[in-house]
Amino acid sequence: MTVALVLMAGAALIGVAGPACLGPTVRPSLLPAAALATWLGALLAFLVLTTLSATLLLFPHVLDTSGVRTLVGGCLSGTVPHSSFGTLVQLGISLLPLTILARVAVVAIRSLRSARRRRARHFWMLRAASCRSGEVHWIDDPRPIAYSLGGARGAVVATHGVRHLGERQCAAVIEHEMAHIRGWHHAAVLCADIAAAALPMLPLMRRAPAMVRLMVELAADDAAARVHGPPTVHAALLAMSQSAVAVPGVLHMSSESVAVRLLWLRTQGATGRTPMGRTRLMLGFALLPTTLAGSAVVALFRAYCTL
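Remember, predicted model here, so these are calculated numbers, not experimental data. (Residues numbered from 1 in each chain as written. Predicted model: local features only at pLDDT ≥ 70, side-chain atom pairs only at ≥ 80, totals over all residues. Heavy atoms only, no water.)

Novice: Could you clarify how one ought to interpret the overall build of the protein chain in this entry?
Specialist: Per the secondary structure count, the protein chain includes 11 helices and five strands. Counting across all 307 residues of the protein chain, residues that qualify as buried make up 41%. Intrachain contacts of the protein chain at a sequence separation of at least 6 include 70% that bridge at least 24 residues. When the accessible surface of the protein chain is summed, it comes to about 16,000 Å², and 67% of that surface belongs to carbon and sulfur atoms. (Helix = DSSP H or I, 4+ residues; strand = E, 2+ residues; numbered from the N terminus. Buried < 20%, exposed > 50% of the residue type's maximum accessible area, 1.4 Å probe, protein only. Contact = heavy atoms within 4.5 Å. Areas by Shrake-Rupley, 256 points an atom, 1.4 Å probe, with all protein chains shown as cover.)

Here you go:
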C-alpha cells in the first residue's frame, strides 16, 4: 500500500504544482511542440499515476483477491476477521483514485460523442456551402477566415477573403491550418477540455485548456514560419485577426492569444533557431515518455517483487 500512496501523492503533486512548473515553457527559445508535449505529458502522468495507485490498492499481489474474498465472506457471515480490516482500509482509500478515473471516463465519453456529432454536422454543412479545391474547402465570403476540423477526416476551411491577402500569406494561412491536422492538435485540445471538465478542482486541469490552445497555435505558427518565414506568418496573422469569427469545435488561426503569438513571431524573425538546437531540444523532450514508463516499471517492481 505504501507504493500506491506514493503514486497518489505524485499524482496530487502534479495536479497542484504542475502549472507553476510548466509555466516557464512558454518562451521564444523553446519549441512550441516541445512545450505542448510537456503539458500533455503532465496530464498523462497524472492519469497513469492515478490508475497505477488504484490498481495497486485493489490488487496488491498481482490480482490476488483472497483478501477481498475473505472480507466479503466475513460480511456475509456476520463476522469480519480482524485480518480483513487492512483490506477494508485499502478498499476505502482506493475509492479516491477510482472516483477520479470514473469521472474522467464519463466526461470523456460525453465529450467524444458531442465532438463527433458536431463534426459530422459541420461536414454536412460544408458539402452544401463550400467548394473543395485540393485539401481546402473554400467558402464564398469576402472576410479572411480560416479554420480546421479535426478527426479522421480532417479538413481545412477558408474563405475567398484569405486569397485576397496575397499568394504568400494565403499559403501561410493554409499551412498553419494543415499543421493543426498533422499534429492532431484538435485531439490535444479535446483532452485538455476533458481534464478541465472532469477535475476542475486541480490547478493543472483548470489551466490546461488555455495553455494547450496557446501551445497548439504557436506550434502551427512555427510550422508555417518554417515554410514561409516568420514575417509572412506575422503579416497573415495580423490580417486574419481583424475578422475573427467564432465557430465552435474548430481551431481558428486568429482565435487564441494573438498578441502573444505576434510577439513570438517577431522574436523568431529576429533570432531564428538552428536545426541542431531544434534537434537537441526535441531529443530532450522525447525522453519524457521514457521517464514516465520507467517510473511505472519501478513502481510495479517494488509492489510485486520482494528481494
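Novice: What should I look at first to understand unusual backbone geometry in this one?
Specialist: Backbone geometry follows two general trends: most residues other than glycine have a negative phi, and most peptide bonds adopt the trans configuration. The residue Trp 184 is not glycine, and still its phi comes out positive at about 55°. Along the chain, Trp 184 falls in the loop between α6 (167-182) and α7 (185-198). A relative accessible area of 58% means that Trp 184 is categorised as exposed.

Novice: Would you mind going over α6 with me for this structure?
Specialist: A turn of α-helix holds 3.6 residues, and therefore any two residues three or four places apart point the same way. Here α6 spans 22 Å end to end across 16 residues, near enough to the 22 Å set by a 1.5 Å rise per residue. Looking one or two places after α6, you find Trp 184, whose phi comes out positive at around 55°. (Expected span 1.5 Å × (residues − 1).)

Novice: Is there a simple way to think about the packing of aromatic side chains in this case?
Specialist: In this description, an aromatic ring pair is defined by two values, namely the gap between the centres and the angle between the planes. One pass over the structure, following the stated rule, counts zero aromatic pairs. Here the guanidinium or amino end of Arg 163 rests over the ring plane of Trp 138, the centre of that ring lying 3.8 Å away. (Phe/Tyr/Trp six-rings, centres within 6.5 Å; stacked < 30°, edge-to-face > 60°. Lys NZ or Arg CZ within 6 Å of the ring centre and 35° of its normal.)

Novice: Teacher, can you tell me more about the nonpolar core here?
Specialist: One recurring pattern in soluble globular proteins: nonpolar side chains tend to sit buried together. Among the nonpolar cores identified, the biggest contains 61 residues, and Val 162, Ile 174, Met 205 and Val 212 are the most heavily contacted of them. Other than its neighbours up to four places away in sequence, Val 162 contacts Trp 138, Pro 144, Ile 145, Ala 146, Cys 170, Val 173 and Met 240. Of all hydrophobic cores here, the second largest spans eight residues; its members include Leu 126, Tyr 147, Leu 149 and Ala 155. (Core = buried A, V, L, I, M, F, W, Y, C linked by side-chain atoms within 4.5 Å.)

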